[in-house]
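# Observations on chain architecture
Residues per chain are reported as follows:
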Amino acid sequence: MMKQENRKVSLLEQFFSKEIGIEIKACLYFCCILAYYFIFRIIMGSWDASIIHMIEMIVATYVIGYVQLYLLSDFDEMDEFHWKVIVFSMVCSGIYVLLAIFCNWFDGNIIANIVFFAFMMLCYLCYFVICRAKRRIDTRLLNEELREFQMRKIRE
């Protein structure tokens, strides 16, 4: 039987864990923004999308991912829903809208930018709910594995 090591998580492992989290968020939020952008373009009668806009969007999701992690307490992965989740979601959604206006993602369409803000708020809410559900499921699974392990130890 292999001997298991009891060791602390290294700084490098902590760093990689945070980086992976940012990667996942950047990909998810980019897909959401891109879907909204594509729908907007189609509604406006265009089947063309700007590669420059897409580059701006992906860069924005990474930058905002770092801001969320290091400046805003990784609010969308908090255990409980409270005022920080709402306020920080509004701040990040507002930043996305300002970038959309500045970079002209929605051709200066005021209604599209207002709806984009609401859409991003919904994305943040969905991500929060999904993360909380995953943590609860993982906790139950770990507790079940612990009970099974304890029962094996008692039988031995």
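A short tour of the structure in this document, coming up. In this text, all values refer to a predicted model and were calculated from it rather than measured experimentally.

This part is about the pattern of salt bridges. Within the structure shown, the criterion is met by four salt bridges. Salt-bridge contacts for D107 lead to R41; the nearest nitrogen and oxygen are separated by 3.0 Å. Pair noted here: D107 is in the loop between α3 (83-103) and α4 (110-155) and R41 is in helix α1 (residues 11-43), with a separation of 66 residues, a long-range link. D107 gets classed as partly exposed once you look at its relative accessible area, which sits at 44%. Classification of R41 by relative accessible area gives buried; the value is 15%.

Within the structure shown, the criterion is met by 13 aromatic pairs. Here the aromatic cluster, defined as three or more aromatic residues joined through ring pairs, consists of Y36, Y37, F38, F40, W105, F106, F116 and F119.

With that settled, the discussion passes to α3. The first and last C-alpha atoms of α3 sit 30 Å apart over 21 residues, in line with the 30 Å expected at 1.5 Å per residue. Those residues of α3 lying buried are V85, F88, S89, C92, S93, Y96, V97, A100 and C103. Here the buried face of α3 lies against α1, α2 (51-70) and α4. Once α3 finishes, N104 follows within two positions and takes phi at roughly 60°, a positive value.

Here we come to the environment of Y127. Here Y127 lies in helix α4. Separated by 33 residues in sequence, Y127 and G94 place their C-alpha atoms 17 Å apart. Leave out the neighbours within four places in its chain, and Y127 touches K25, L28, Y29, D76 and E77.

This part takes up the nonpolar core. The nonpolar side chains of a soluble globular protein tend to be buried, and buried together. Within the largest apolar cluster, 31 residues are counted, with the highest numbers of intra-cluster contacts made by Y96, W105, F106, F116, M120 and Y124. Among the elements of the structure, α1, α2, α3 and α4 are those that each provide at least two residues to this core. Among the elements that take part in this core, α4 stands out by supplying eight residues, more than any other. Beyond its immediate chain neighbours, meaning those up to four positions away, F116 contacts I33, Y36, Y96, V97, A100, W105 and F106.

The backbone of S73 shows a phi angle near 60°, a positive value even though the residue is not glycine. For S73, the location among the structural elements is in the loop between α2 and α3. Look at S73 and you get partly exposed, because its relative accessible area is 43%. Look at D107: it is not a glycine, yet its phi comes out positive at around 55°.

Basis of the calculations
Residues numbered from 1 in each chain as written. Predicted model: local features only at pLDDT ≥ 70, side-chain atom pairs only at ≥ 80, totals over all residues. Heavy atoms only, no water. Salt bridge = Lys/Arg side-chain N within 4 Å of Asp/Glu carboxyl O. Helix = DSSP H or I, 4+ residues; strand = E, 2+ residues; numbered from the N terminus. Buried < 20%, exposed > 50% of the residue type's maximum accessible area, 1.4 Å probe, protein only. Phe/Tyr/Trp six-rings, centres within 6.5 Å; stacked < 30°, edge-to-face > 60°. Expected span 1.5 Å × (residues − 1). Contact = heavy atoms within 4.5 Å. Core = buried A, V, L, I, M, F, W, Y, C linked by side-chain atoms within 4.5 Å.

Fair warning: the whole summary comes from geometry, so function is off the table for now.
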